[in-house]
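# Reading the structure
Spelled out from the first residue to the last, the chains are:
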Amino acid sequence: MKCDLGVELLSGYLDGELDKEQKAEIEKHLKECEVCRKEIEELRQLDEYVRTAEIEEPSREFIFNINRRILEKVKKKTRFRLFRFSPILAPAAVALLVFVVLININRPVRFASLDERILYAEVEAKKELDIEIPKAGFAREEVYAKGVVAKEKKALTTSKVPTMAKARDVEVFDHAKKGEAGAFGIEAQDEIISLTEVQELQIPRDRIVRAIVDSNGKILKVATGNTIIPERDTMLENRLQGQQLSPPLVKGRRTQLYVDLTQEKVTKN
Amino acid sequence: MYNSIESDEVLIGRVKKGDCEAFNPLIERYKLPLYKVMYRMVYNRDDAEDLVEEAFIKAFRAISRFEIGKPFYAWICRIAVNNAINYLKKERRGQVQPIEFFEHSLAAKKGNPVEMTKQKVLQERITAAMAKLPDDYRTIIVLKVEEDFSYDEISKVLMIPKGTVMSRLARARQKLRGIFKEMGVQNK
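What counts and what doesn't
Residues numbered from 1 in each chain as written. Chains lettered and ligands numbered in written order. Predicted model: local features only at pLDDT ≥ 70, side-chain atom pairs only at ≥ 80, totals over all residues. Helix = DSSP H or I, 4+ residues; strand = E, 2+ residues; numbered from the N terminus. Buried ≥ 20, exposed ≤ 12 C-beta atoms within 10 Å, placed from the backbone. Contact = placed C-beta atoms within 7 Å. Axes fitted to C-alpha atoms, helices over the stretch in contact; angles between N-to-C directions. Parallel < 35°, antiparallel > 145°, perpendicular 65-115°, else oblique. Left-handed = near helix turned anticlockwise from the far one by under 90°. Nonpolar A, V, L, I, M, F, W, Y, C, P; charged D, E, K, R; others polar. Pairing = 2+ DSSP bridges. Core = buried A, V, L, I, M, F, W, Y, C linked by C-beta atoms within 7 Å. Arc of directions from axis to C-beta. Expected span 1.5 Å × (residues − 1). pLDDT = per-residue confidence, 0-100.

Here we take up the overall build of chain B. Summing up its helical and strand segments, chain B has nine helices and zero strands in all. N-terminal to C-terminal, the α/β element order of chain B is α-α-α-α-α-α-α-α-α. Considering chain B as a whole, with its 188 residues, one finds that 36% of them fall into the buried category. In chain B, of all internal contacts separated by at least 6 residues, the share reaching a separation of at least 24 is 64%.

What follows is the structure, encoded as structure tokens:
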């Protein structure tokens with residue numbers, strides 16, 4: 001015997017999803033129809049079976065480590081999302097970054113480092129600045145300090161490089177190479193480092209020796225080598241560090257300088 | 001460390017304020033129930049575990065949209081089920097996957113009644129029958145029968161009208177009954 005009652009209604013009745021009228025109608029029908037009573041019993045049984053279906057146990061990794069794994073991932077993503085979820089903060093941060101880069105792009109570094117000389121020379125060679133080369137005080141023979149990098153927006157000069165300064169690699173020293181001492185308006189004496197002192201400093205003759213001196217003329221760092229950018233020489237630095245040269249002045253102001261201590265014999269005409 | 005008796009609401013409130021650690025007790029509380037649902041949907045332990053993990057991560061990312069006061073489990077279950085449905089569509093392309101594990105297991109154990117009790121055999125057959133159901137039927141049965149979601153909730157999770165929930169559920173039950181008969185699962 002077949003019943004016209006739709007299986008949907010029986011299923012809905014079983015789930016308690018019918019409205020009051022439908023529910024009353026079904027209940028009335030079930031009292032009269034054995035087929036539907038059997039049907040609904042089978043559906044209940046089916047649900048029971050579904051609830052008893054086996055489930056494979058989760059792995060130990062899942063049980064013990066999934067919390068940590070999830071937290072690690074969400075923490076990582078949170079860091080990246082800090083900006084992603086902020087339509088205002090992200091562009092503002094980028095704009096700030098660009099602004100900071102732009103205002104610093106042409107700004108000289110505050111302290112000369114051992115490999116900055118060439119960059120400074122190249123950038124600043126065309127500018128004219130007053131500069132005084134550190135002096136050792138009493139010169140006996142002519143050994144010259146040369147090559148300067150100034151801090152605090154001071155830079156190399158093309159006009160007042162010492163007469164005898166070497167100009168191996170920078171345009172700025174070309175004048176000096178040619179011996180145009182008079183044009184620089186600096187007394188030769190001022191530019192000379194005492195040979196005695198330099199010898200006392202034991203500066204190697206066969207290598208470029210560069211030092212950073214502070215605004216009091218004290219040697220801070222030393223680099224040596226045969227290339228344009230010498231490397232820091234800690235052994236020589238240990239010997240020279242703290243040695244006193246004359247205080248370097250740029251436009252009358254004391255400043256930290258980059259000094260080339262390479263010895264060069266004066267060619268006497 | 002958070003006290004595990006703290007309510008979902010309290011913990012979620014803290015997560016919303018940026019305290020990731022407050023999410024930990026929620027994971028602990030719901031990972032196994034979610035695993036059960038995911039397992040019933042995909043019938044593969046590794047996949048189910050991955051889907052649970054993904055569900056928690058998605059829930060965390062969407063936590064700002066969770067309305068405090070509503071049941072968290074229903075919410076995350078919805079996320080997990082939707083994720084699993086997408087996974088099934090993508091990985092299985094809507095086809096029913098032969099569940100070799102269970103069929104093999106059944107075949108191996110059929111001839112050895114001593115090894116398993118009748119109850120155990122029955123359970124495995126039921127599981128195999130469930131695995132044979134089309135994905136959409138299985139999903140709706142899991143949500144209704146296992147998780148006891150209302151038709152309204154199922155309608156929201158699956159994004160189908162309530163009437164469709166009712167008809168699909170009825171058809172799914174009919175189909176499962178047919179599979180049970182084929183596999184020799186007898187009514188008590």
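Continuing now.
Okay, the packing of helix H1 (residues 7-14) of chain A against helix H3 (residues 34-52) of chain A next. Residues and elements named next belong to chain A. The geometry of H1 relative to H3 is characterised by a closest axis approach of 10 Å and an angle of 55° between their N-to-C directions. Here H3 runs oblique to H1, going by the angle between their axes. Here the hand of the crossing between H1 and H3 comes out right-handed. Along the contact surface, H1 presents Leu10, Ser11 and Leu14, while H3 presents Cys36, Glu39, Ile40, Leu43 and Arg44. Across the contact of H1 with H3, the residue classes break down as five nonpolar, one polar and two charged.

Further remarks concern the interface of chain A and chain B. Each partner contributes to the interface: chain A provides 32 residues, whereas chain B provides 37 residues. Secondary structure elements with two or more residues in the side of chain A that touches chain B: H1, H3 and helix H4 (60-84) of chain A. Among the residues making up the side of chain A that touches chain B, the classes are represented as 13 nonpolar, seven polar and 12 charged.

Let us look at the pairing of strand E4 (residues 208-213) of chain A. All names here are of chain A. With respect to burial, E4 is a largely interior element, six of its six residues being buried. Burial of the side chains of E4 extends over both faces: Ile208, Arg210 and Ile212 are buried on one face and Val209, Ala211 and Val213 on the other. Two strands pair when backbone bridges link them, and E4 and strand E5 (residues 219-225) are joined in this way by six bridges, in the antiparallel orientation. Bridged to Arg210 within E5 is Ala223. The loop that links E4 with its antiparallel partner E5 comprises five residues; one of these, Gly217, has a positive phi angle of about 90°.

This next bit is on the nonpolar core. B:Leu34, B:Met38, B:Val42, B:Val52, B:Ala55 and B:Ala80 are the most contacted members of the largest nonpolar core, which has 67 residues in total. The greatest single-element share of this core, amounting to 10 residues, is contributed by helix H2 (residues 24-42) of chain B. Among residues more than four places away in sequence, those in contact with B:Ala55 are B:Leu34, B:Ile76, B:Ile79, B:Ala80 and B:Asn83. With 13 residues, the next largest nonpolar core counts A:Ile208, A:Ile212, A:Val213 and A:Ile219 among its residues.

This part is about helix H8 (residues 151-158) of chain B. Residues and elements named next belong to chain B. When we look at burial in H8, the residues that qualify are Tyr151, Ile154, Val157 and Leu158. Along H8, the residues classed as buried sweep out an arc of 120° about the axis, all on the same side. Looking at the residues trailing H8, positive phi occurs at Met159, about 55°.

Another point: the pairing of E5(A). Residue and element names in this part refer to chain A. Counting buried residues along E5, five of its seven residues qualify, which places the element largely inside the surrounding structure. Bridge count between E5 and strand E6 (residues 231-232): two bridges; the pairing is antiparallel. Within E6, the residue paired with Thr224 across the bridge is Glu231.

Residues and elements named next belong to chain B. For Tyr43, which is not a glycine, the phi torsion comes out positive at approximately 50°. The residue Tyr43 is located in the loop between H2 and helix H3 (45-61) in this model. Here the phi dihedral of Met159 falls at roughly 55°; this positive angle occurs in a residue that is not glycine. Residue placement: Met159 occurs in the loop between H8 and helix H9 (162-182). Judged by the 9 C-beta atoms lying within 10 Å of it, Met159 is exposed.

Spanning 17 residues, H3(B) covers 25 Å between terminal C-alpha atoms, matching the ideal 24 Å at 1.5 Å per step. Among the residues of H3(B), those classed as buried are B:Ala48, B:Glu49, B:Leu51, B:Val52, B:Glu53, B:Ala55, B:Phe56, B:Ala59 and B:Phe60.

Residues at a pLDDT of 70 or more form 83% of chain B, whose mean pLDDT is 82. With pTM at 0.53, the complex prediction returns an ipTM value of 0.78.

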